[in-house]
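Structural overview for review
Each chain, letter by letter, is given below.
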Amino acid sequence: MPLFSTSDAREAESASSTAELLHSINDIRSRLDALRSQGRGPVALVPTMGSFHEGHLSLMRAARAAADLVVVSIFVNPIQFGPAEDYDVYPRDFESDVAQAATAGVDLIFAPAATDMYPAGHETMVKPGATADGLCGQSRPDHFTGVATVVAKLFNILQPDQAYFGQKDAQQVAVIRRMTIDLDFAVDIRVGPVIREPDGLAMSSRNTFLSAEEREQATVLYRALDHARERVAAGETGVSGLRRRMRKEIAANYLVELEYVRIMDPLSMEPVASVSTPVVAAVAAKVGNVRLIDNMLLSSGDKA
Ligand code: AMP
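Everything in this summary refers to the structure shown in the same document. Owing to the predicted nature of the structure, the values given are computational and were not obtained by experimental measurement.

Digging into the site of the ligand
Close to the ligand lie 17 residues, the nearest being M49, H56, D169, I195 and M203. Measuring from an oxygen atom of the ligand, one finds a backbone N or O atom of G166 at 2.9 Å. The separation between a nitrogen atom of the ligand and a polar main-chain atom of I195 is 2.8 Å. Listing elements by their share of the shell around the ligand, those giving two or more residues are β2 (43-48), α3 (54-66) and β5 (162-166). Partitioning the shell around the ligand into residue classes produces nine nonpolar, six polar and two charged.

As for the sheet that holds β2
Here we have six strands laid out as an open sheet, ordered β1-β4-β3-β2-β5-β6, and parallel in their pairing. Edge positions in the open sheet fall to β1 (20-22) and β6 (188-192), since each of these has one partner strand only. Between one strand axis and the next, the sheet turns through 25° on average, direction left out of account. Bridge count between β2 and β5: two bridges; the pairing is parallel. Bridged to L45 within β5 is A163. Contacting β2, β3 (69-74), β5 and β6, α3 crosses the sheet at an angle of about 155° to β5.

Details of α3
Across its 13 residues, α3 extends 18 Å between first and last C-alpha, which sits within 8% of the 18 Å expected from 1.5 Å per residue. Taken together, the buried positions of α3 are occupied by G55, H56, L57, S58, L59, M60 and A63. Buried residues belonging to α3 abut β2, β3, α4 (94-103), β5 and β6.

Digging into helix α10 (residues 239-251)
For α10, built from 13 residues, the straight-helix expectation of 18 Å at 1.5 Å per residue is met to within 8% by its first-to-last C-alpha distance of 18 Å. Buried residues in α10 make contact with α9 (212-233), β7 (256-264) and β8 (279-287).

Looking at the pairing of strand β9 (residues 290-298)
With eight of its nine residues buried, β9 lies for the most part within the structure. In this structure, β8 lies alongside β9, joined through nine bridges in antiparallel fashion. The residue bridging A281 from the neighbouring strand is M296, located in β9. In this structure, the hairpin formed by β8 and β9 is closed by a connection of two residues, where G288 is found at a positive phi of approximately 60°.

Quick word on the sheet that holds β8
Strands pair in a sheet through their backbones, by hydrogen bonds, and they do so in one of two ways: parallel or antiparallel. As summarised here, the arrangement of the three strands in space is β7-β8-β9, forming an open sheet in which the pairing is antiparallel. Only two strands of the sheet have a single neighbouring strand rather than two, namely β7 and β9. The sheet shows a mean angle of 15° between the axes of neighbouring strands, direction not considered. Here α9 sits on the sheet in contact with β7, β8 and β9, set at roughly 20° to β9. Running at roughly 160° to β7, α10 makes contact with β7 and β8 of the sheet.

Comments concerning the pattern of salt bridges
Within the structure shown, the criterion is met by 14 salt bridges. Between R31 and E20 there is a salt bridge, with its nearest N and O atoms 2.8 Å apart. Residue R31 is found in helix α2 (residues 25-37), and its partner E20 is found in strand β1; the two are separated by 11 residues along the sequence. Here R31 falls in the partly exposed class, since its relative accessible area comes to 28%. The exposure class of E20 is partly exposed, given its relative accessible area of 29%. Of the charged contacts, one joins R190 and D188 as a salt bridge, the two residues approaching to 2.9 Å between their closest N and O atoms. Taking the relative accessible area as the measure of exposure, R190 reaches 30% and is therefore partly exposed. With relative accessibility at 35%, the residue D188 sits in the partly exposed group. Residues participating in the shared-partner salt-bridge network are R231, E236 and R245.

Observations concerning the side chain of R140
Along the chain, R140 falls in the loop between α6 (136-139) and α7 (143-158). By relative accessible area, which is 10% here, R140 ends up buried. Reaching out from R140, the side chain makes a polar contact with the side chain of E85 at a distance of 2.6 Å. In contact with R140, not counting residues within four places along its chain, are Q80, E85, R206 and R291.

Describing the environment of Q138
Counting through the fold element by element, Q138 comes out in helix α6. Separated by 121 residues in sequence, Q138 and E259 have C-alpha atoms that sit 9.8 Å apart.

Calculation criteria
Residues numbered from 1 in each chain as written. Predicted model: local features only at pLDDT ≥ 70, side-chain atom pairs only at ≥ 80, totals over all residues. Heavy atoms only, no water. Near = heavy atom within 4 Å. Polar contact = N/O pair within 3.5 Å; in protein donor to acceptor, adjacent residues only side chain to side chain. Helix = DSSP H or I, 4+ residues; strand = E, 2+ residues; numbered from the N terminus. Nonpolar A, V, L, I, M, F, W, Y, C, P; charged D, E, K, R; others polar. Pairing = 2+ DSSP bridges. Axes fitted to C-alpha atoms, helices over the stretch in contact; angles between N-to-C directions. Contact = heavy atoms within 4.5 Å. Expected span 1.5 Å × (residues − 1). Buried < 20%, exposed > 50% of the residue type's maximum accessible area, 1.4 Å probe, protein only. Salt bridge = Lys/Arg side-chain N within 4 Å of Asp/Glu carboxyl O.

Here is the structure:
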């Protein structure tokens, strides 16, 4: 299914003076080959599903500051959505994305069609191991296979020197880091911090689906994480107590249905029994029909 009509794409293209838009795998490959042969590089990739907010833009700016060529991919990857999930209604705003990417200094936008990424007969998948099993992998069993497969394809197509991901999706970062090592991709994985709304809610393309009341109650995910951060900063080390208080705080919001609260080692994502800092606390919840995730680093040295 095309993500946008050709006329939309042409209009968006002419609105952007600096970001070059390429749709086909052959075209982006040839363009990057030509640029590299002129001595351009390093190349930084920011993989996205579009519908940009400040979280995406912060990664583009970090890439802009570190690399000569910044490529953003915009692709709502069908194979990372479960059958009952929101692929069909996932927010898409291609014209606005192209304009925002140009403002962030992006050089090239790669926006393939699903039929180009997964033509008839496509069957090979990248299946992550234990990093994909718990947390979001529990309720979304094929999600990280879809993510690892599309990122591996993007790495092969674009051959970036660096790739930028958000800490907002902490388990995705762990899966991609592992895959990069295991499959010998020569890509430097760089991670940007969670970008939040002024009231603390982690920015997400899915936040637009929240009703006003859901939007208000959703902020409890941030508050519960931040209270845990404060308690750890004050010296609390018991993981079960921290999790219990987070669950209780979240449960006081009747529109928020908690899926998990975990406190883990930030690199391995293995649960920890007590807090010998730093650790990462991660939450997932359904707010109305919208599944939200968030996480925060907890450290006893952090008195902020
Ligand atoms: P998405 O379009 O949701 O697949 O996200 C593309 C990239 O942006 C991923 O690496 C996400 O982790 C990152 N991202 C999404 N939301 C945020 C946020 N609030 N803060 C930082 N990074 C984010």
